[in-house]
Amino acid sequence: DAGVIQSPRHEVTEMGQEVTLRCKPISGHNSLFWYRQTMMRGLELLIYFNNNVPIDDSGMPEDRFSAKMPNASFSTLKIQPSEPRDSAVYFCASRLRDGYASPLHFGNGTRLTVT
Amino acid sequence: KQEVTQIPAALSVPEGENLVLNCSFTDSAIYNLQWFRQDPGKGLTSLLLIQSSQREQTSGRLNASLDKSSGRSTLYIAASQPGDSATYLCAVEARSQGNLIFGKGTKLSVKP
């Protein structure tokens, strides 16, 4: 089990540029979550998918953020255009949704810095 | 709206001490509560998951309890070791949502 794989690990970009974060969930997991972590606000849910379908995107800050899950083994989070306040660590997590007793498995995150 | 609070924000103890981390939540209608560990520069690792019908879960030196009616959970760490140094987060899955709401964590430092 390779765990949840995120890329890149670090991303430094200039304000206004497009940023794409990638995630490969654990094979067999059917729920995928994107979280953002900052010192001030802690971990915040951005969006989650069940069976590749977006269920709740109320945490997506604004239209600059978009997420897709074209298949069960891949998801992307895109920010366009990026702004300095988007600087944070972005985590992807997955779990097997067969009830409510399944723990969440996190990737190691992508540290995004927007200058 | 569910809110999760963890107190204290930071804790420093000498090696060998038993300790308790606290987590409180505002809405008792939860499906489960999970405790996670986060090491610097890493993702979160699930330690224990307590279903709403359970009162506690144990794994090695860790014991987590859940009191839904009072909106509280504790994580007990026995005989702490320097390797236990990390940030510990609790998260609840509310009935009205399909995702986890996290506390801001307690940063634990165990001194040799």
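Scope of this entry: the structure provided in the associated data block. (Residues numbered from 1 in each chain as written. Chains lettered and ligands numbered in written order. Predicted model: local features only at pLDDT ≥ 70, side-chain atom pairs only at ≥ 80, totals over all residues. Heavy atoms only, no water.)

This paragraph deals with the overall build of chain B. A count of helical and extended segments in chain B gives zero helices and eleven strands. The N-to-C order of helical and strand elements in chain B reads β-β-β-β-β-β-β-β-β-β-β. Relative to its length of 112 residues, chain B is compact, with a C-alpha radius of gyration of 13 Å against a globular reference of 13 Å. Based on the C-alpha atoms only, the size of chain B along its principal axes is roughly 45 × 25 × 20 Å. Contacts spanning at least 24 positions in sequence make up 55% of the contacts within chain B whose residues lie at least 6 apart. Here chain B holds 11 positive side-chain charges and 9 negative ones, and the gap between their average locations is 4 Å. (Helix = DSSP H or I, 4+ residues; strand = E, 2+ residues; numbered from the N terminus. Rg over C-alpha atoms; globule rule 2.2 N^0.38 Å. Contact = heavy atoms within 4.5 Å. Lys, Arg positive; Asp, Glu negative; His and termini not counted. Charge placed at Lys NZ, Arg CZ, Asp CG, Glu CD.)

Note on terminology: disulfide describes a covalent bond linking the sulfur atoms of two cysteines. Residue and element names in this part refer to chain A. Within the structure shown, the criterion is met by two disulfides over all chains. Residue Cys23 pairs covalently with Cys92 via a disulfide, S to S 1.9 Å. Every disulfide takes its handedness from the sign of the S-S torsion; for Cys23 and Cys92 that torsion is -65 degrees, giving left-handed. On the criterion of sequence distance, the pair formed by Cys23 in strand β3 (residues 19-24) and Cys92 in strand β9 (residues 88-95) is long-range, its members being 69 residues apart. Across this residue pair, the class does not change: Cys23 and Cys92 are buried. (Disulfide = S-S within 2.5 Å. Buried < 20%, exposed > 50% of the residue type's maximum accessible area, 1.4 Å probe, protein only.)

The subject of this paragraph is the nonpolar core. Counting residues in hydrophobic clusters, the biggest one holds 23 residues, and the most contacted among them are Leu33, Trp35 and Leu75 of chain B. Sorting the residues of this core by element identifies β3 (19-25), β4 (30-38), β5 (44-51), β7 (62-67), β8 (72-77), β9 (86-94) and β11 (106-111) of chain B as the ones contributing at least two each. In terms of nonpolar packing, the next biggest core, distinct from the first, is built from 21 residues, Leu21, Leu32, Trp34 and Tyr90 of chain A among them. (Core = buried A, V, L, I, M, F, W, Y, C linked by side-chain atoms within 4.5 Å.)

All names here are of chain A. A complete count under the given rule lists eleven salt bridges over all chains for this structure. With its nearest N and O atoms 3.5 Å apart, the salt bridge here joins Arg64 to Glu83. Of this pair, Arg64 sits in the loop between β6 (53-56) and β7 (65-71) while Glu83 sits in the loop between β8 (74-79) and β9, and the two are 19 residues apart along the sequence. Here Arg64 falls in the buried class, since its relative accessible area comes to 9%. With a shortest N-O distance of 2.7 Å, Arg64 and Asp86 are connected by a salt bridge. Here Arg64 is found in the loop between β6 and β7, whereas its partner Asp86 is found in the loop between β8 and β9, with 22 residues between them in sequence. (Salt bridge = Lys/Arg side-chain N within 4 Å of Asp/Glu carboxyl O.)

A separate point is the packing of aromatic side chains. All told, the structure shown has eight aromatic pairs over all chains when counted by the stated rule. Their ring planes at 20 degrees and their centres at 6.3 Å tell us that Phe33 of chain A and Tyr35 of chain A sit as a pair that is stacked. Of the two residues, Phe33 of chain A and Tyr35 of chain A, both sit in the buried class. Pairing Phe106 of chain A with Phe102 of chain B gives two aromatic rings, centres 6.0 Å apart and planes at 80 degrees, and the pair type is edge-to-face. Taken together, the positions of Phe106 of chain A in strand β10 (residues 105-106) and Phe102 of chain B in strand β10 (residues 100-102) put the pair across two chains. Residue Phe106 of chain A is classed as buried on the basis of its relative accessible area, which comes to 10%. Owing to a relative accessible area of 8%, Phe102 of chain B belongs among the buried residues under this scheme. Put simply, the rings of Phe33, Tyr35, Tyr48, Phe91 and Phe106 of chain A together with Phe36 and Phe102 of chain B touch in pairs and so form one group of aromatic residues. (Phe/Tyr/Trp six-rings, centres within 6.5 Å; stacked < 30°, edge-to-face > 60°.)

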